[in-house]
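Residues per chain are reported as follows:
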Amino acid sequence: MSIKLVVFDMAGTTVKDKNYVAVAFQAAMKQQGYDVPVKDINPLMGYEKPVAIKMMLEQHEPEQAKITDDLIKLIHRHFVSEMISFYQKSDDIQALPNAEDVFFKLRNKGIKVGLDTGFSRDIAEVIVERLNWKDKIDIMVASDEVEHGRPYPLMIQKMMKDLSIINSDSVVKVGDTEVDINEGKNAGCKYVIGITTGAFTKSELEPYEPTHIIDDLVEVLEII
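Residues numbered from 1 in each chain as written. Predicted model: local features only at pLDDT ≥ 70, side-chain atom pairs only at ≥ 80, totals over all residues. Heavy atoms only, no water.

Q: Got a minute to help me understand the pairing of strand β5 (residues 191-195) in this structure?
A: Two faces, one strand: in a regular strand the side chains alternate between the faces of the sheet. Within β5, five of the five residues are buried, which leaves it mostly tucked inside the rest of the structure. Of the two faces of β5, both are covered, the one formed by Y191, I193 and I195 as well as the one formed by V192 and G194. Looking at chain direction, strand β4 (residues 171-175) and β5 are connected through four bridges and run parallel. If you follow V174 over to β5, its bridge partner there is I193. In this fold, β4 hands off to helix α8 (residues 178-187), which returns the chain to β5; that crossover is right-handed. (Buried < 20%, exposed > 50% of the residue type's maximum accessible area, 1.4 Å probe, protein only. Helix = DSSP H or I, 4+ residues; strand = E, 2+ residues; numbered from the N terminus. Pairing = 2+ DSSP bridges. Right-handed = clockwise from strand over helix to strand, strands pointing away.)

Here you go:
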């Protein structure tokens, strides 16, 4: 079956990320008294951010009764504020090499380009606006637009529904983390491609058994 949709992650996959997300996450945790090393945060990149916050609190808060929805929401609000400020003002925000060229070539072949993310919609929209990607992609779904973010397949399934794509065997998922890979597998994508430009190295991606591991987005075109 021919490919109709390629779903790309954002930070670390199509958008440059030199630990900016992890540092913002760290700052949000620290504001509430939790000193979390970045190395402990990186494995959680890709998860829906409130879920990642809850996972981190479960590791660093000995009194589990203190881990409330209100605390998670408070930390998440600070994280969102940090990220929006960064993506609105930083000169470092840029597309990863070949991302825009790959988008163009896929769409030129009649293949839809989608973005999904562990960010909430407000952050994702700032990124798309800063990079002038509104006319370079076909659809974007953020983690707060579905009941459960990654590794659940709901963001991909929403894209398929909105684009009237019935068969997941015509969909490809590309991402840089464990949960990207599991999202694609859970959605039944034909190809689930791990990329080494973000949070995980090749050896860290391999245990999750993507169909491919690449070092450059241009390789997506060769696979398809």
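There is more to say, and it comes next.
Q: Is there a simple way to think about the packing of aromatic side chains in this case?
A: By convention here, two paired aromatic rings are described through the distance between centres and the angle between planes. All chains considered together, the criterion is met by seven aromatic pairs. When the centroid spacing of 6.0 Å and the interplanar angle of 70° are considered together, the rings of Y87 and F119 count as edge-to-face. In this pair, Y87 sits in helix α4 (residues 69-89) while F119 sits in the loop between β2 (112-117) and α6 (121-130), placing the two residues 32 residues apart along the sequence. In terms of burial, Y87 and F119 fall into one category: buried. (Phe/Tyr/Trp six-rings, centres within 6.5 Å; stacked < 30°, edge-to-face > 60°.)

Q: Help me understand the pattern of salt bridges, please; the structure alone is not making it clear to me.
A: When the charged atoms of two side chains lie near each other, side chains of opposite charge can form a pair. In the structure shown here, the tally under the stated rule is 15 salt bridges. Ionic pairing is found between K66 and E63, a salt bridge with its closest N-O pair at 3.5 Å. The exposure class assigned to K66 is partly exposed, which follows from its relative accessible area of 43%. The exposure class assigned to E63 is partly exposed, which follows from its relative accessible area of 47%. Here K136 and E100 are joined by a salt bridge, their closest N and O atoms 3.3 Å apart. One end of the pair, K136, is in the loop between α6 and β3 (139-142); the other, E100, is in helix α5 (residues 99-108), and 36 residues separate them in sequence. Classification of E100 by relative accessible area gives partly exposed; the value is 31%. The network of salt bridges with shared partners includes D9, D116, R150, K173, D180 and E183. (Salt bridge = Lys/Arg side-chain N within 4 Å of Asp/Glu carboxyl O.)

Q: How do you make sense of the environment of L71 when you look at a structure like this?
A: Within the secondary structure, L71 sits in helix α4. On the basis of relative accessibility, which here comes to 12%, the residue L71 falls in the buried class. Remark: the alpha-carbon pair of L71 and Q32, spanning 39 residues in sequence, is separated by 8.6 Å.

Q: Teacher, can you tell me more about the nonpolar core here?
A: Taken as a class, soluble globular proteins show a tendency for nonpolar side chains to be buried jointly. F8, F79 and Y87 are the most contacted members of the largest nonpolar core, which totals 63 residues. Considering each element in turn, this core owes the most residues, nine residues, to α4. Apart from the residues within four sequence positions on either side, F79 is in contact with V21, A24, F25, A28, K49, F119 and I123. (Core = buried A, V, L, I, M, F, W, Y, C linked by side-chain atoms within 4.5 Å. Contact = heavy atoms within 4.5 Å.)

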